[in-house]
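As a plain string of letters, each chain reads:
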Amino acid sequence: MNPNDTENQNAAPQAEPANDATPEAASAPEADPIAVLEAEKADLKDKLLRLMADMENLRRRTAREITDARTYAVTNFARDMLNVADNVRRAIESVPEEASKTAEGAFKGLIEGIDLTERDLLKNLERHGVKKLDPQGQKFDPNLHQAMFEIPNAEVPNGTVLQVVQSGYVIGDRVLRPALVGVSKGGPKANGNGSEAADNSSAAS
């Protein structure tokens, strides 16, 4: 027998494939496909909800911008028309009350025509969202009125509008022009923001 054959027989067992390490690798836990799908589903649902919320916010913002555009589109034109309204009111007030009551003929027609023009002008302004402020006898509101002077009067609550020097106007929720007013002073303290009214009227004077 060849000595080399003996060595080869002894070495033969070592020639078998080394598969001992593979069981550990095979035993490593695989990702659960259901869990993976659930995670993807939750992620997609979150993205969808965020997208829907963004689209709803965009829709509301666009609707609000369209509404504001419709409401305030005539702001500059309306502000220019206030001068016309002021001039018509001055024309009416330039005629003494007694003369207006006893007017006849063409003069009476002229007065009635001017009065009708003012009513029609205010009606058309209001149709476009512009409203005239009539604060006579109301509490002074610094958001709508501008105090020009104080009027001593102990019979009415302090901070009451007693005289309107120039009419004010609003368009939608915005002040187009504040009313210029005279505010009472010396009467009982007004409820609510009466003290604020008195402070503002004092500052104006």
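Everything that follows concerns the structure shown earlier in this document.
Keep in mind it's a predicted model, so treat the numbers as computed, not measured.

S.K.: Quick one: what's the story with the overall build of the protein chain, residue by residue and with numbers?
M.R.: When you go through the protein chain residue by residue, the secondary structure sums to seven helices and six strands. When the helices and strands of the protein chain are listed from N to C terminus, the series reads α-α-α-α-α-α-β-β-β-β-β-β-α. Put simply, the protein chain has 205 residues, and 21% of those count as buried. Contacts spanning at least 24 positions in sequence make up 68% of the contacts within the protein chain whose residues lie at least 6 apart. As displayed, the protein chain has an accessible area near 14,900 Å², and 53% of this comes from carbon and sulfur atoms.

S.K.: With reference to specific residues and values, describe the packing of helix α4 (residues 75-93) against helix α6 (residues 105-127).
M.R.: The interhelical angle for the contact between α4 and α6, taken along N-to-C directions, is 155 degrees, at an axis separation of 9 Å. In terms of orientation, α4 lies roughly antiparallel with respect to α6. As for the relative orientation of α4 and α6, their crossing is left-handed in sense. Where α4 approaches α6, its residues Met81, Val84, Ala85, Val88, Arg89, Ala91 and Ile92 are matched on the opposing element by Ile114, Asp115, Glu118, Leu121 and Leu125. Of the residues belonging to the contact of α4 with α6, the class tally is nine nonpolar, no polar and three charged.

S.K.: Before we move on, can you summarise the sheet that holds strand β3 (residues 161-166) with the specific residues and values?
M.R.: One open sheet accounts for three strands, arranged β2-β6-β3; its pairing is mixed. Each having just a single partner strand, β2 (145-152) and β3 make up the two edges of the open sheet. Across the sheet, the axes of successive neighbouring strands diverge by a mean angle of 30 degrees, strand direction being ignored. Pairing between β2 and strand β6 (residues 179-185): seven bridges, direction parallel. Looking at the pairing, Ala147 lines up with Val181 of β6.

S.K.: Outline the packing of aromatic side chains, supporting the account with residue identities and numerical values.
M.R.: Enumeration according to the criterion identifies zero aromatic pairs in this entry. Directly above the ring of Tyr72 sits Arg174, whose terminal nitrogen or CZ lies 3.6 Å from the centroid.

What counts, and at which threshold
Residues numbered from 1 in each chain as written. Predicted model: local features only at pLDDT ≥ 70, side-chain atom pairs only at ≥ 80, totals over all residues. Heavy atoms only, no water. Helix = DSSP H or I, 4+ residues; strand = E, 2+ residues; numbered from the N terminus. Buried < 20%, exposed > 50% of the residue type's maximum accessible area, 1.4 Å probe, protein only. Contact = heavy atoms within 4.5 Å. Areas by Shrake-Rupley, 256 points an atom, 1.4 Å probe, with all protein chains shown as cover. Axes fitted to C-alpha atoms, helices over the stretch in contact; angles between N-to-C directions. Parallel < 35°, antiparallel > 145°, perpendicular 65-115°, else oblique. Left-handed = near helix turned anticlockwise from the far one by under 90°. Nonpolar A, V, L, I, M, F, W, Y, C, P; charged D, E, K, R; others polar. Pairing = 2+ DSSP bridges. Phe/Tyr/Trp six-rings, centres within 6.5 Å; stacked < 30°, edge-to-face > 60°. Lys NZ or Arg CZ within 6 Å of the ring centre and 35° of its normal.

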